[in-house]
Each structure stands twice: as structure tokens, then as C-alpha cells.
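One-letter residues, chain by chain:
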Amino acid sequence: MSNPLRMSANSSNSSVTRRHKPWTVRSGGGSQSPMAQSVPLTRRYQVMWQDDDGDIQDFMRIGPAMPIFEDAFSAFAHGAIISTTEGPVAVEDLLPGMNIETASGEVEVLRWIGSITIVPGAPQSGGEPQRLYRIAADTFGLGRPSLDVTLGPSARLMNRDPAIRAALGTEAALAPVSTFADGVNVIELSPVSPVRVYHLHFDRHHVIKVGGVEVESYHPGADAHYSMSQEMREIFLGMFPHVATMQGFGRVLWPRFETQDTGEIEIV
């Protein structure tokens, strides 16, 4: 297992240090009563996937309301436009088996669509309400996006800041949409009514264009296997009937990072 890395976001000379905490383990905010701790939160997860015969299957399942589960279902808000070989299609109208255009110019078959409903005021395992993020037209350049785009809390965007190249030696990295929020061009929203959010999975990790914005397809992360018990891994993989093991998700296409409460950037 490779340990996540961490570097200071406020230092002019980026430094990278090792950290011994899996990226999927998140500290809870504040203390909870003994009763709240003894009652695990659950959520309804909706899944559609294409089986090996090319048929579309679907199910609804109750599962743990844990970040690693919720992150697999909450990257794109209702109405987000996805580029397909048949033209732009709203995420809620996609079906497994459709051909999706990737940011690299390839065409890949969509294998899995997961969705959940964000309900304002509902209890959250992390202690904070889930947000949406609206990206204004032309925020990242002309036509990027071409129209306003609303993304879910687990969306990760390509970040091509020169500091990334200096720190990681790569052209870009995948960053949570929350790290782009500035209150002007990328606005954090608190839903006032239930909102359906989605995520997409292919046979391997990709970056796709959503209204001109580069957003990753779903991948649990290289260290996800180590962050769950055997029982929890079985429940998690049950949400992905076309994936036999955690290794079946393949490799992560680009490095990822997250901004911590301390203002540091954690490389994952």
C-alpha cells in the first residue's frame, strides 16, 4: 500500500511529506451522542448497469451512508450535459451502453450509472450538509463551460495550475470541485428541495467533458481497498455488479488531491 502524500498549500516552495492515513478515512466534525453513534445512517442507492450480454439491469438498494459510498453516486447534478456520439445528453437521460466522448477524444461505452437524492436537512455521516456547485459559463475559458453547469459534491475536475506541475511533475491533477469555489464563478449552493445527483463509470477511469468542463468518471481510489473491512468491501462491490474485485476498477488516470481543513493539500 502506498501512503497518501501531503504538501503545504500556503508555502511558496511546495514540499511533499508522507501521511499514514488512507484518503477515504475522514475525521468526523464535533462529538456525537452515544445514541447517534450507535445508529448507523443508511441511504437509498439507485444503480443501472450494462451486463456482459449487453442488457441493461437496474436495482435500488439500501446501503451505508458513508463517504466512500456516497462519493460513487454524487458527481453530476440533474441537468448536467454529457457529450455523447449522439450529441449532448442530460445526465438523467443517459443509459448504460451509450457511447460517451472522453476529454482525450476517445469514445467509451458507459457501463454504470449510480444516483442518490440529496435531501435538505437530512442527517449526514460527515456532520455537514451536502452542497452543489454551480460553475458559471466561461469560468475556465471560452466555452468552458458553454453554459452554467451544476455539479455534485463528489465531482473532481482537472486542475492544470503550473504549481501542480512543479509539485507533482505531471501536467495536471484531479481536484474536488469544492477547491474551485470562489463565490463568484464557482458558487457553493445549499439545495432547498431534494436534488437527484449521479455518477458514471466505465470499464476504466476516464475524464469526460460536462458542458465543456473536464470531470473524472468514477473511481474509488487506489487505496480504497485498505479503508474498508472485508464485509464492507462486499457491500460496496455489490453496487457494481460488473466489477469483481476492487482491483477491477483499474488504475487512476491522474493524481488526485484534496484540500484539508488545515489549508494543506493532500495528494491521493
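Visitor: How should I be thinking about the overall build of the chain in this particular structure?
Guide: In terms of regular secondary structure, the chain is built from four helices and 20 strands. The proportion of buried residues among the 268 residues of the chain is 42%. The contacts in the chain between residues at least 6 apart in sequence include a share of 61% that link residues at least 24 apart. Carbon and sulfur atoms form 50% of the exposed surface of the chain, whose accessible area is close to 13300 Å².

Visitor: Where do I start with the pattern of salt bridges in this structure?
Guide: It is possible for side chains bearing opposite charge to pair when their charged atoms get close. Inspection of every chain in the model, using the stated rule, returns 10 salt bridges. Notably, a salt bridge pairs Glu188 with Arg131, separated by 3.8 Å at the nearest N-O pair. Taken as a pair, Glu188 in strand S15 (residues 186-189) and Arg131 in the loop between strand S10 (112-118) and strand S11 (132-135) lie far apart in primary sequence, 57 residues in all. Taking the relative accessible area as the measure of exposure, Glu188 reaches 44% and is therefore partly exposed. Judged by its relative accessible area of 25%, Arg131 falls in the partly exposed class. As a salt-bridge pair, Arg156 and Glu216 come within 3.5 Å of each other at their nearest N and O atoms. Taken together, the positions of Arg156 in strand S13 (residues 156-159) and Glu216 in strand S18 (residues 213-216) put the pair 60 residues apart, joining distant regions of the chain. Each member of the pair, Arg156 as well as Glu216, is classed as buried. Counted as one network, the salt bridges with shared partners bring together Asp52, Arg111 and Asp203.

Visitor: Which parts of the structure should I look at to understand helix H4 (residues 230-237)?
Guide: The periodicity of an α-helix, 3.6 residues per turn, causes residues three or four places apart in sequence to face the same way. Three or more residues of H4 are buried, namely Met232, Arg233, Phe236 and Leu237. For H4, the angular spread of buried residues about the axis comes to 130°, placing them on one side. Relative to its buried face, H4 has exposed residues pointing more than 90 degrees away, namely Glu231 and Glu234. The elements touched by buried residues of H4 are strand S4 (56-64) and helix H2 (67-70).

Visitor: Got a minute to help me understand the pairing of S11 in this structure?
Guide: A regular strand carries its side chains on alternate faces of the sheet. Looking at chain direction, S11 and S15 are connected through four bridges and run antiparallel. Residue pairing in the sheet places Ile135 in a bridge with Val186 of S15. Relative to strand S12 (residues 149-151), S11 runs antiparallel, the two being bridged by three bridges. Residue Tyr133 lies in a different strand from S12, and its bridge partner there is Leu151.

Visitor: What should I look at first to understand the packing of aromatic side chains in this one?
Guide: Two measures describe an aromatic ring pair: the distance that separates the ring centres and the angle between the ring planes. Counted under the stated rule, the structure contains 12 aromatic pairs. When the centroid spacing of 5.6 Å and the interplanar angle of 65° are considered together, the rings of Trp49 and Phe59 count as edge-to-face. Of the two residues, Trp49 sits in strand S3 (residues 42-50) while Phe59 sits in strand S4, which places them 10 residues apart along the sequence. By relative accessible area, which is 13% here, Trp49 ends up buried. By relative accessible area, Phe59 is classed as buried at 13%. Seen in terms of ring centroids, Trp112 and Phe240 are 4.4 Å apart; in terms of plane orientation they differ by 20°. Their pairing is stacked. Taken together, the positions of Trp112 in strand S10 and Phe240 in the loop between H4 and strand S19 (257-259) put the pair 128 residues apart, joining distant regions of the chain. Note on accessibility: Trp112 and Phe240 belong to one class, buried. A network of ring pairs unites the aromatic residues Tyr45, Phe69, Phe73, Trp112, Tyr218, Phe236, Phe240 and Phe249 as a single cluster.

Visitor: Even after reading the chapter, I still don't get the environment of Asp58, so can you show me in this structure?
Guide: Among the structural elements, Asp58 can be located in strand S4. Between the C-alpha atoms of Asp58 and Trp112, which are 54 residues apart in sequence, the distance is 9.6 Å.

Visitor: Explain the pairing of strand S16 (residues 195-201) to me, please; I cannot follow it from the model alone.
Guide: Of all seven residues making up S16, six are buried, and the element is well covered by its neighbours. Pairing between strand S5 (residues 76-77) and S16: two bridges, direction antiparallel. Bridge pairing links Phe76 to Tyr198 in S16. Inspection of the sheet shows S10 paired to S16 by seven bridges, in the antiparallel sense.

Visitor: So what exactly am I meant to see when it comes to the side chain of Arg256 here?
Guide: You can see Arg256 is positioned in the loop between H4 and S19. Within the structure, the side chain of Arg256 is placed 3.1 Å from the side chain of Glu216, a separation counted as a polar contact. Polar side-chain contacts of Arg256 include one of 2.7 Å to the backbone oxygen of His219.

Conventions and cut-offs
Residues numbered from 1 in each chain as written. Predicted model: local features only at pLDDT ≥ 70, side-chain atom pairs only at ≥ 80, totals over all residues. Heavy atoms only, no water. Helix = DSSP H or I, 4+ residues; strand = E, 2+ residues; numbered from the N terminus. Buried < 20%, exposed > 50% of the residue type's maximum accessible area, 1.4 Å probe, protein only. Contact = heavy atoms within 4.5 Å. Areas by Shrake-Rupley, 256 points an atom, 1.4 Å probe, with all protein chains shown as cover. Salt bridge = Lys/Arg side-chain N within 4 Å of Asp/Glu carboxyl O. Arc of directions from axis to C-beta. Pairing = 2+ DSSP bridges. Phe/Tyr/Trp six-rings, centres within 6.5 Å; stacked < 30°, edge-to-face > 60°. Polar contact = N/O pair within 3.5 Å; in protein donor to acceptor, adjacent residues only side chain to side chain.

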